[in-house]
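An overview of the molecular structure
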Amino acid sequence: MKARAFSYFRAATIDQALDTHARAGEDARFIAGGQSLVPALSLRLQAPRLLIDITHIDELRGVRREGGHLRIGALTRHCEMLSEPLIAEFAPLLHAAAPFVAHPAIRNRGTFGGSVALADPASEFPAMTLALDAEIEIVGPSGRRRVKADDFFIDLFETALEPGELITAIYVPLLKADQRFAFDELARRRGDYALVGCGIMATCTGERVDDIRISFFSVGNTPTRVKGAERALIGARLDAERIAAAQGALEGDLVPPESDEVPPAMRLHLARVLLGRLLGRLGAGA
C-alpha cells in the first residue's frame, strides 16, 4: 500500500513546530527518524494531512552533562547511543541496550526521543528510562515540563504526552561509583523483537544491595518495573536465596499478554530465567 496524500513542513525551531501543529490540530504528526511512523503511513494505519519534520531543530540534538544528569537530545540516533563517549561513560545501560535495537539500517535513522514517545512495550529504550530513573523533558502549547519515567508510560502506546507536545530531551542521572548495571534480552533472532528483555540498575555497598531498579519489556502493555522483586533484594546480598525470592515475586509484578505465539506462562518463565542470569552477573561484579 501507499500512504494517503499529505502536506509536509520542515520546522527550523521548536516554536515553529508547535505553532504549525496548533494550526493543523489533530491532522498533524511530528516526524523525525520515521522508523515507526513511515510504515504506519504506508499501511494507512495513520493518515495525517500534515507531517511536521523536526529533524533540523538544533535544540533537539546533542548529548551533554547538566549538573548530576546527562541530557540526551530527543534527536539522538540509536547508533549514537553506541558511539557517543558520554553515554558509554555516564549512561552505560543505554549503551549496553543499543546493539539489541533492530538492525543497523534502523539504528542509523531511529531516534531516542521517538522511541520513548512511541512507547512500544517491546522496545529496549523506553524500559531503560525506567531502570535509570530518567526524566522526560516535554514542550508544548502550555510550556515546558519534565515527567519522571515512572509516570510517563500509561498504557499500550499511551504516554503522558498531550496533543501537540513533543519530547525535547531525556535526562539520565549520571552513573555513580557504587552503581552496577546489567542488560540482556531473549529473542528468536538478533534484531527481532524480544520475547522478554530486562535492564537493571543497582546501588551497592560491598555485597549488599542498597537500591535497585529492574525494568522489563515485552511482558506487558508498557515497560514494567518489578517492584516486588526489587523489595526482595534491597538490603540483602545477591545470593541464591535472594535471587530465587526475586524470581518468585515476578508473578505478582508481571502480567504477560495473551498470545497464540508466546503463551503468558512461557513469557513469565523466560522472565524468571533472564532475571536470574542478570542478578547473577551483578552478584559476580561484587
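To be clear, the structure that these remarks concern was listed above.
Read on for a plain summary of the structure. Source: prediction; values computed, not measured.

**Quick look at unusual backbone geometry**
Residues other than glycine seldom take positive phi values, yet A119 does so here, at roughly 60°. Relative to the helices and strands, A119 resides in the loop between α7 (112–118) and α8 (124–131). Phi at D133 takes a positive value of approximately 55°, unusual for a residue other than glycine. Mapped onto the fold, D133 is located in the loop between α8 and β6 (135–140).

**Here's the deal with the packing of aromatic side chains**
Counted according to the given criterion, the structure contains four aromatic pairs. Connected via pairs of aromatic rings, a cluster forms that spans F100, F183 and F217. Just above the ring of Y171 sits the side chain of R146; from NZ or CZ to the centre is 3.8 Å. Over the ring of F100 we find R190; its NZ or CZ atom is 4.0 Å from the centre of that ring.

**Considerations on the sheet that holds β6**
The strand order across the open sheet formed by five strands is β4-β5-β10-β6-β7, and the pairing between neighbours is antiparallel. A strand with exactly one partner marks an edge of an open sheet, and here the two such strands are β4 (63–66) and β7 (143–148). Each strand of the sheet is rotated relative to its neighbour by a mean of 25°, with strand direction disregarded. Here β6 runs beside β7; their pairing, made up of six bridges, is antiparallel. Looking across to β7, one finds that E135 is bridged to K148. Packing against the sheet, helix α1 (residues 14–24) makes contact with β6, β7 and β10 (166–173), and its axis sits at approximately 60° to β6.

Conventions and cut-offs
Here the residue index of a chain counts from 1 through its sequence in written order. A pLDDT threshold of at least 70 governs which residues receive local features in this predicted model, and a stricter bar of 80 or more applies before side-chain atom pairs are shown or counted, although totals over entire chains, interfaces and linings include all residues. Heavy atoms throughout the structure, all of them, feed into the side-chain values; hydrogens and water do not. Here a strand is any run of E in DSSP of at least two residues, a helix any run of H or I of at least four, and the numbering for each starts at the N terminus. Classification of ring pairs rests on two measures: the distance between centres of Phe, Tyr or Trp rings, Trp counted by its six-membered ring, which must be within 6.5 Å, and the angle between planes, read as stacked under 30 degrees, edge-to-face over 60 and tilted in between. In this scheme, the term charge over a ring applies when either NZ of a lysine or CZ of an arginine sits within 6 Å of the ring centre and within 35 degrees of the ring normal. Two strands form a pair only when DSSP identifies at least two bridges running between them. For every element, the axis is a line fit to its C-alpha atoms; helices are fit only across the contacting stretch, and the angle between N-to-C directions ranges from 0 to 180 degrees. The contact definition used throughout considers only heavy atoms, calling two residues in contact when any of these lie within 4.5 Å.

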